[in-house]
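If you want the building blocks of each chain, they are given just below.
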Amino acid sequence: MTLPFISMDYQQKLAEKLTILNERGDGVLIRMNYIKKTCADPKTRLSLLTDKAMEPAIKYINKKFPNIDFRGNIVCSKYDLLAATTSYYDSFLDVIEFRDHVYELLNTIDACQCFFDIAINFDFTKNYLDLIITYTSVIITLSRIDDKKALVGMFNCAHEMTNGSSDPSYPRLGQMFVEYEHPWKKLTEEFGPHTRSVTAALLSLRMVYPRRNLPAEQWRSAQLLSLLSAPAAMLDPACCDTRILIVGFLLCHSSLNTNQASQELWKMALQSGLFLVLTRDEVLNIHKVSEDLFVSIKGYSKRVADIKECREHAILNSGAMHRERRHFLRGAMKELFKILEDEPGLLGPKVEANLNHFITQAIFYPMAELMFHMEKLRGLMTKYNHVVQRYHVQYLAQFDALVLNDTIQNIYVCPEEESVLMTSFVSTLSALSIKQVENKEEFDFRALRLDWLRLQAYTSVNKAPLPIKEYPDLAKVMNLIQFHTRMVDSVEELLQDTSELSILGYYPRVFEKMFSQSSEEMTMKRYLMAFPAVCSHFSQCGHPLCPEEVSVQSFALHLCVTFLEQIAKQTSSVVLEICAEQCNLNDQLQAKHCAEAISAARHRKQKKPVPKKGEVQKEKPGAESLRKDRAVVTNVDKMHLMLTELCSCYSLCSDFIVFDHIVVPTEFLLSHLEIRLSEIIVRMANYNQTTQEIARPSDLLAGLRAYTASLHSLSSYINVDITRLVKNILLQQTQPLDSRGGQTITTIYTNWYLESLLRQASNSIIVHCPTMQCFVNQATDNEPSFRAEEFSDVLELQALAELIGPYGLKFLSENLMWHITSQVSELKKLVIENMDVLVQMRNNFDNPEEMANLKKRLTGGENVLKRMTIIGVILSFRSMAQDNLKDHCPYLIGPMECLRDFISPETDIKVTLSVFELASAAGLTCDIDPALVAAIRSMQTDNTSLDEEYKLSCLLLVYIAVSLPTLALDPNSFYSREHGGHNNNIHCLATAINQLAAAMFTVQNKNIEQHLKEFLLLASSTLLQLGQNVEKMESKNRDSIYLLLHGIVEESPFLNQDMLESCFPYVLLRNAYREVYRSYIVTLG
């Protein structure tokens, strides 16, 4: 079809149509690719296509297409068919619509006999060639959709069943599918009339394409892309896509037999590689397609031979050629980045040569370094965008506008429309100023660039009043202006055009393999961050015409997270290996290892014995630092080198965006370190639940300090907050479970102290030693599983308090209180069993004969004292642990002590408990234990009244008082001066009686002092009766029991010595102390 010549070429709107159709074509192409992938994937394929009941109908449609008789062949609901296939049908109609408009535009261009030259009307020629490539890619992709006939056929059947007639567009759509079953044959027929225009546009590349595809040796000899050697010789931006030549000469191949220049360009393109990308992962085997097409055409046997020759050349040489180019580009980009990072002002004049050359070689392995430096250059462009804008605004206003004005003045004949456009160019550029950049005004030159494209179209038609080919200077100036405007208002778009790597998202296995190979090579580890950073490019590959394509987002995020997790895992492993090594070195300096050194020092004057054969002498700490040769590399050296390499990759960027998600790489590292370090801390505790073995708190604290000190060195490599990391980890260790639900050292040490130390202390295997403020082992025939003093002395409990902190000690205290409440429950049961006897004893305590008779009726006295002793042991251990909390807040201890001392008996009990709770959390001792009060209060139930609880509490004190003499029967009740207590821990009864009584009567809102006086009176009376039985066994440890009564008064904040002396003669206490200390044998070592 030809159009009559139209003198007013402005009405054809060639520029607008080219722009719109290229954008529309990209969307249709992506849509076809999406349909092809959807139909090929069993997970996303339409359910109708996999339904067994629909198989006969689908086979029938494919066989009879496009003439289908739906009656009796479709078993599915017509509404289901319409709903499932409408979107596919509409997408195929988009292809017909796009094809019609492309036909119309190409025919119009041929009718206008447009002139094409990439060096002159750059945008017009490029848009024309891009449209041809896009249209061809759409048709090829459409032909590769296997289920297209079934989808369209089912839709038409459903439409006919619903409306009684076929869809009006169905015949054309069916005919198109039939015609494009052999797409290349049909396409060559379609483009036959356009051979002149297409060939002219292709031949205009003969000066550009060879220069852009030179071997790396020639690039290197010409010092291309070098700012140091020959900055003026850097490449200018130009279009040089191999696809244009391959596809163009396939569609319009007649010139290959007649034009030597066409043959040379075509062969050069065939020799450059084996495949071309149509879109995403849709590729074209250029040699096979070319050979298959030309074999069927008469007179092309020589071209077939050329194809085979070029294929052999590509197989033999293209790999090496691309490898050498990558090697050259790696060095060139590294040089560029170093210079531009140091002198960002050079980004303005040299940026136009920096970007658009790298993408052609960056998509092959090894690519980690290429991608890394490319991302660095992109980052520089984004960071110093204002520098680029400032330079180019000045360039446009003070140079380009003047040159363009002079060029326009030299034009002899200028039509009105062209004159208006060129005048607007000059006025727009002249109005620019640096103040606009300084004020951060938005620039938008899209209208200017579209006007330039319009002007190219007006001046490129045949017999144009102002033919652009006669004014190459105008074209050169405007092409440069067009690029300069892009550097002002669309740097992001330019970066996307020149260095966007979203294509890697469609080759996930290859991409992951590249990452894996790079991560295994030491020299590539510093570039690993480029892989997750490239995932941010995947957001550029979508299109509004394909909104259903959401899998790319989830895939990009998954891939990005996978890469970051792997990098963080490697980095954290190396960091923690270094920390472990430092911890081992630090452990060698611990005091526990110095015994051998001390022994050697004592025998230094003796002759050194000859080491036995095979015996290896133990190295002293620090021996690992002695080196005879610096070339000898230790394992620590290797780890530090690996850490340096891995940490270098984090310098790429602090964060980047992947589909509206802000990704911070260092947070992945901190997360991994947090998880791994939490596991290591728990593992360092060496807790064995079977054997009840565990590390001493001081050893764990020393190891943890070594880890923390070594971790802080990471801050010199990466900008990470190690202090925050360590605080988070240690804070989690103060809780029963960490953030992942795992055990913490708080849980481990709580279980161990309860199950091992305190359980043995309850059985008097371990004794509480007030003198040394710790627990010690009793001398037994069996070897103890651990030494109690090594886990309960002041230093160990200080270390425990520092490890698990106030929260951990609170958890420990809650568990201790649970055990106490269990014992109190059993004590109440014993009181209830003996309630009548206890009531009588309380009323007749001053009648010795009656008390003696009642005591015979009393049962379970030893059990009561045993349980009270257990409570006392638990409370004594808790008090020792709580005392070490004072170091946590030294500046607040003073005010807290003042607030505690301000409390008087008349103060409201709620206020008192609140103040005591605050003071207790800081490690201060209080008259009333708020935790014990809360535990006793929690035991109250609805079945018991306060009066009953009060009665039980009073009788419990009576029960304890009248049972004290039975302690004299136990030989372990002897008071040990060395320990400062009794060998069966009954000295802990003082703590238990005072604190339990205070807690119970606080809950019942009774007078504590009054009831403790009553207890003191009862206990004194029963113990005085003990003194009268001189010949009985009870008198054996009588003096030790007397000291217990004195200890109860000494520890009580509610009793004093005057109260004791009023009911128990002091002379008995004095004699008791003298007798106990007289029997103590002092040995001097």
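Residues numbered from 1 in each chain as written. Predicted model: local features only at pLDDT ≥ 70, side-chain atom pairs only at ≥ 80, totals over all residues. Heavy atoms only, no water.

Re the overall build of the protein
Alright, step 1. Secondary structure assignment for the protein yields 46 helices and eight strands.
Alright, step 2. Its C-alpha atoms give the protein a radius of gyration of 46 Å, clearly above 31 Å, the size a compact globule of 1085 residues would have.
Alright, step 3. The principal-axis extents of the C-alpha atoms in the protein amount to approximately 140 × 90 × 65 Å.
Alright, step 4. Counting only residues that meet the buried cut, the protein has 51% of its 1085 residues in that class.
Alright, step 5. In the protein, 78% of the contacts between residues at least 6 apart in sequence involve partners at least 24 apart.
Alright, step 6. Of the accessible surface of the protein, which amounts to about 52300 Å², a share of 52% is contributed by carbon and sulfur atoms. (Helix = DSSP H or I, 4+ residues; strand = E, 2+ residues; numbered from the N terminus. Rg over C-alpha atoms; globule rule 2.2 N^0.38 Å. Buried < 20%, exposed > 50% of the residue type's maximum accessible area, 1.4 Å probe, protein only. Contact = heavy atoms within 4.5 Å. Areas by Shrake-Rupley, 256 points an atom, 1.4 Å probe, with all protein chains shown as cover.)

Quick look at the packing of aromatic side chains
Aromatic rings in a pair are described by how distant their centres are and how their planes are angled relative to each other.
Alright, step 1. Summed over all chains, the structure comprises 32 aromatic pairs.
Alright, step 2. Centroid distance Tyr-395 to Phe-399: 5.2 Å. Interplanar angle 65 degrees. Geometry classified as edge-to-face. Residue Tyr-395 and its partner Phe-399 are both found in helix H18 (residues 385-409); the two are separated by four residues, about one turn of the helix.
Alright, step 3. For Tyr-395, a relative accessible area of 24% translates into the label partly exposed.
Alright, step 4. Take Phe-399: its relative accessible area is 41%, and that puts it in the partly exposed class.
Alright, step 5. Every member of this aromatic cluster is reached through a ring pair, and the members are Tyr-749, Trp-752, Tyr-753, Phe-775, Phe-786, Phe-791 and Phe-877.
Alright, step 6. Lying over the aromatic face of Phe-177, Lys-148 brings its terminal NZ or CZ to 6.0 Å of the ring centre.
Alright, step 7. For the cation-ring pair, Lys-1006 lies above Tyr-950, with the distance from its terminal atom to the ring centre recorded as 4.8 Å. (Phe/Tyr/Trp six-rings, centres within 6.5 Å; stacked < 30°, edge-to-face > 60°. Lys NZ or Arg CZ within 6 Å of the ring centre and 35° of its normal.)

As for a nonpolar patch on the surface
Alright, step 1. The grouping of Leu-274, Phe-275 and Ile-315 at the surface amounts to a nonpolar patch, some 290 Å² of accessible area in total.
Alright, step 2. Relative to the elements of secondary structure, Ile-315 occurs in helix H15 (residues 301-342). (Patch = residues over 30% accessible without salt bridge, like charges linked within 9 Å, V, L, I, M, F, W, Y side chains within 5 Å. Salt bridge = Lys/Arg side-chain N within 4 Å of Asp/Glu carboxyl O.)

Some details on the pattern of salt bridges
Alright, step 1. A complete count under the given rule lists 38 salt bridges for this structure.
Alright, step 2. Put simply, Arg-172 and Asp-100 hold a salt bridge, and the shortest N to O gap is 2.9 Å. Within this pair, whereas Arg-172 is found in helix H7 (residues 170-179), its partner Asp-100 is found in helix H4 (residues 78-112), the two being separated by 72 residues in sequence.
Alright, step 3. By relative accessible area, which is 28% here, Asp-100 ends up partly exposed.
Alright, step 4. Between Asp-929 and Arg-878 there is a salt bridge, and its shortest N-O distance comes to 2.4 Å. Residue Asp-929 is found in the loop between helix H39 (909-921) and helix H40 (930-938), and its partner Arg-878 is found in helix H37 (residues 861-882); the two are separated by 51 residues along the sequence. This pair shows no difference in class: Asp-929 is buried, exactly as Arg-878 is.
Alright, step 5. Look at the salt bridges and you will find they share partners, linking Glu-16, Asp-451 and Arg-454 into a network.

As for unusual backbone geometry
Alright, step 1. Positioned with a positive phi, Asn-985 is a non-glycine residue whose angle comes to about 65 degrees.
Alright, step 2. For Asn-985, the location among the structural elements is in the loop between strand E8 (981-982) and helix H42 (989-1003).
Alright, step 3. Judged by its relative accessible area of 0%, Asn-985 falls in the buried class.
Alright, step 4. Phi at Asn-1005 takes a positive value of approximately 60 degrees, unusual for a residue other than glycine.
Alright, step 5. Structurally, Asn-1005 is set in the loop between H42 and helix H43 (1008-1028).
Alright, step 6. Residue Asn-1005 is classed as exposed on the basis of its relative accessible area of 63%.

Some words on the pairing of strand E5 (residues 766-769)
Alright, step 1. Of the two faces of E5, the one holding Ile-766 and His-768 and the one holding Val-767 and Cys-769 are both buried throughout.
Alright, step 2. Where E5 meets strand E6 (residues 774-777), four bridges bridge the pair, whose relative direction is antiparallel. Counted as the bridge partner of Cys-769 is Cys-774 from E6.
Alright, step 3. If you look at the hairpin formed by E5 and E6, you'll find four residues sitting between the two strands, and Gln-773 has a positive phi there, around 55 degrees. (Pairing = 2+ DSSP bridges.)

Focus: the packing of helix H19 (residues 416-430) against helix H21 (residues 446-460)
Alright, step 1. One way to put it is that H19 packs onto H21 with a least axis distance of 10 Å and a crossing angle of 150 degrees. Regarding the angle of H19 to H21, the classification is roughly antiparallel. Viewed along their axes, H19 and H21 form a crossing whose handedness is left-handed. Along the contact surface, H19 presents Glu-417, Glu-418, Leu-421, Met-422, Phe-425, Thr-428 and Leu-429, while H21 presents Leu-448, Asp-451, Trp-452, Leu-455, Tyr-458 and Thr-459.
Alright, step 2. Tallied by class, residues from the contact of H19 with H21 come to eight nonpolar, two polar and three charged. (Axes fitted to C-alpha atoms, helices over the stretch in contact; angles between N-to-C directions. Parallel < 35°, antiparallel > 145°, perpendicular 65-115°, else oblique. Left-handed = near helix turned anticlockwise from the far one by under 90°. Nonpolar A, V, L, I, M, F, W, Y, C, P; charged D, E, K, R; others polar.)

Brief notes about the environment of Ile-139
Alright, step 1. Structurally, Ile-139 can be placed in helix H5 (residues 122-143).
Alright, step 2. We classify Ile-139 as buried; its relative accessible area is 0%.
Alright, step 3. Sequence separation between Ile-139 and Gln-260 is 121 residues, and the spatial gap between their C-alpha atoms is 30 Å.
Alright, step 4. Apart from the residues within four sequence positions on either side, Ile-139 is in contact with Val-95, Tyr-180, Pro-183 and Leu-187.

Brief notes about the nonpolar core
Alright, step 1. Judged by nonpolar contacts, the single largest core of 206 residues is most densely connected at Phe-511, Leu-714, Phe-775 and Met-868.
Alright, step 2. For this core, the leading source of residues is helix H34 (residues 794-833), giving 15 residues.
Alright, step 3. Residue contacts for Met-868: discarding those within four places in its chain leaves Leu-827, Ile-960, Leu-989, Ala-992, Ile-993 and Leu-996.
Alright, step 4. Among the nonpolar cores identified, the runner-up in size contains 97 residues, and Leu-18, Leu-105, Ile-109 and Ala-201 belong to it. (Core = buried A, V, L, I, M, F, W, Y, C linked by side-chain atoms within 4.5 Å.)

Some remarks on the environment of Arg-325
Alright, step 1. By the element assignment, Arg-325 lies in helix H15.
Alright, step 2. Separated by 106 residues in the primary sequence, Arg-325 and Trp-219 place their C-alpha atoms 8.5 Å from one another.

So, the packing of helix H29 (residues 665-684) against helix H30 (residues 697-711)
Alright, step 1. At a minimum axis distance of 10 Å, the contact between H29 and H30 shows a crossing angle of 155 degrees. In terms of orientation, H29 lies roughly antiparallel with respect to H30. Considering only the axes of H29 and H30, their crossing is right-handed. Only Leu-700, Gly-703, Leu-704, Tyr-707 and Leu-711 of H30 make contact with H29, whose side of the interface consists of Leu-673, Leu-677, Ile-680, Ile-681 and Met-684.
Alright, step 2. For the contact of H29 with H30, the class distribution of residues is nine nonpolar, one polar and no charged.

Regarding helix H41 (residues 946-963)
Alright, step 1. With 18 residues, H41 extends 26 Å from end C-alpha to end C-alpha; this agrees with the ideal 26 Å at 1.5 Å per step.
Alright, step 2. Counting buried positions along H41 gives 13 out of 18 residues, so the element sits mostly inside the fold. (Expected span 1.5 Å × (residues − 1).)

As for the confidence of the model for the protein
Alright, step 1. Across the protein, the average pLDDT comes to 85, with 92% of residues at 70 or higher.
Alright, step 2. Averaged over each element, pLDDT in the protein is lowest for helix H16 (residues 347-350) (70) and highest for H5 (94).
Alright, step 3. In the predicted structure, residues 1081-1085 sits below a pLDDT of 50 and forms one contact with residues beyond four places in sequence or in another chain. (pLDDT = per-residue confidence, 0-100.)

Considering the side chain of Ser-876
Alright, step 1. Tracing the chain through its elements places Ser-876 in helix H37.
Alright, step 2. A residue is classified by how much of its surface remains accessible, and Ser-876, at 7% relative accessible area, is buried.
Alright, step 3. The residues touching Ser-876, leaving out its near neighbours within four places in the chain, are His-768, Cys-988 and Thr-991.

Topic: the state of the cysteines
Alright, step 1. The full count for this structure, using the stated rule, is zero disulfides.
Alright, step 2. Cysteine Cys-653 is unpaired, with the sulfur of Cys-560 as its nearest cysteine sulfur at 9.4 Å. (Disulfide = S-S within 2.5 Å.)

Focus on the environment of His-593
Alright, step 1. Topologically, His-593 is positioned in the loop between helix H26 (551-587) and helix H27 (595-602).
Alright, step 2. Taking relative accessible area as the criterion, His-593 reaches 32% and is therefore assigned partly exposed.
Alright, step 3. In the structure, His-593 is positioned 319 residues away from Leu-274 in sequence and 69 Å away in space, judged by C-alpha atoms.
Alright, step 4. Those residues in contact with His-593 that sit more than four places away from it in its chain are Asp-587 and Gln-588.

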